[in-house]
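Fold and geometry: a report
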Amino acid sequence: KKELLAMAREDDRVRAELVASGDLFQGYNSRMADTHQRNAQRLQAIIDQHGWPGVSLVGDDGSEAAWLVLQHAIGSPDLQRKCLPILKAAAETGEVPAVQVAYLEDRICVFEGRPQRYGTQFDWDGKGTMSPHPLRDPKSVDNYRQSVGLGPLSEKIEEMRLRAADEGHEQPRDFRDYLKAREAWARSVGWR
């Protein structure tokens with residue numbers, strides 16, 4: 001538990017420093033990537049030894065920290081893919097909240113270039129607006145969200161736009177270049 005909490009604090013610390021300097025949103029910052037990769041490797045070792053660190057093993061805060069590390073392990077697609085069924089099983093037994101599964105499932109879909117179900121993943125769109133990535137079933141998204149304890153997507157959209165503004169996250173200057181770089185990165189780490 002202490003190790004998982006320390007990993008999550010380190011992730012938050014590096015992110016906060018990069019937000020403050022304005023460097024977080026200039027592509028996938030190498031300091032952030034290194035932190036994510038180091039944490040992902042250690043999480044993998046923990047899972048190999050103990051299984052998913054759920055509430056009964058590490059408490060609510062430790063389990064939440066493990067999920068944060070996993071959610072941020074975007075340079076480790078095999079780990080995220082491997083953990084999705086593990087997390088689903090843990091949610092079925094009450095070891096983790098179902099919302100964690102929703103976020104991970106959406107993240108995997110987005111990085112694989114597929115529409116998401118719950119509308120948890122956001123990025124800039126071609127109009128320069130912070131928006132959810134494409135949705136699998138836009139008419140049912142709020143039902144999916146409600147099923148895992150999330151509020152309406154319209155509220156999340158507003159929250160994400162305010163957060164982007166508060167953190168100084170600016171739209172890409174050249175959206176086509178931004179998309180090309182994002183696609184190249186996804187291919188380079190094995191998402192596509």
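For the structure, check the block above.
The following refers to the structure shown.

Definitions and cut-offs
Residues numbered from 1 in each chain as written. Predicted model: local features only at pLDDT ≥ 70, side-chain atom pairs only at ≥ 80, totals over all residues. Heavy atoms only, no water. Axes fitted to C-alpha atoms, helices over the stretch in contact; angles between N-to-C directions. Helix = DSSP H or I, 4+ residues; strand = E, 2+ residues; numbered from the N terminus. Parallel < 35°, antiparallel > 145°, perpendicular 65-115°, else oblique. Contact = heavy atoms within 4.5 Å. Nonpolar A, V, L, I, M, F, W, Y, C, P; charged D, E, K, R; others polar. Polar contact = N/O pair within 3.5 Å; in protein donor to acceptor, adjacent residues only side chain to side chain.

In this section: the packing of helix H1 (residues 2-21) against helix H2 (residues 30-50). Angle between the axes and distance between the axes: these two values describe a pair of packed helices. Orientation of H1 relative to H2, taken along the N-to-C sense of each, is 170°, at an axis distance of 10 Å. With respect to their mutual orientation, H1 and H2 come out roughly antiparallel. Between H1 and H2, the contacting residues are Glu 3, Leu 4, Met 7, Glu 10, Asp 11, Arg 13, Val 14, Arg 15, Glu 17 and Leu 18 on the first element and Arg 31, Met 32, Thr 35, His 36, Arg 38, Asn 39, Arg 42, Leu 43 and Ile 46 on the second. Partitioned by chemical class, the residues of the contact of H1 with H2 number seven nonpolar, three polar and nine charged.

You can see His 36 is positioned in helix H2. There is a polar contact of 3.1 Å between the side chain of His 36 and the side chain of Asp 11. Within the structure, the side chain of His 36 is placed 2.5 Å from the side chain of Tyr 28, a separation counted as a polar contact. Not counting the four nearest positions on each side in its chain, His 36 is found in contact with Asp 11, Tyr 28 and His 72.

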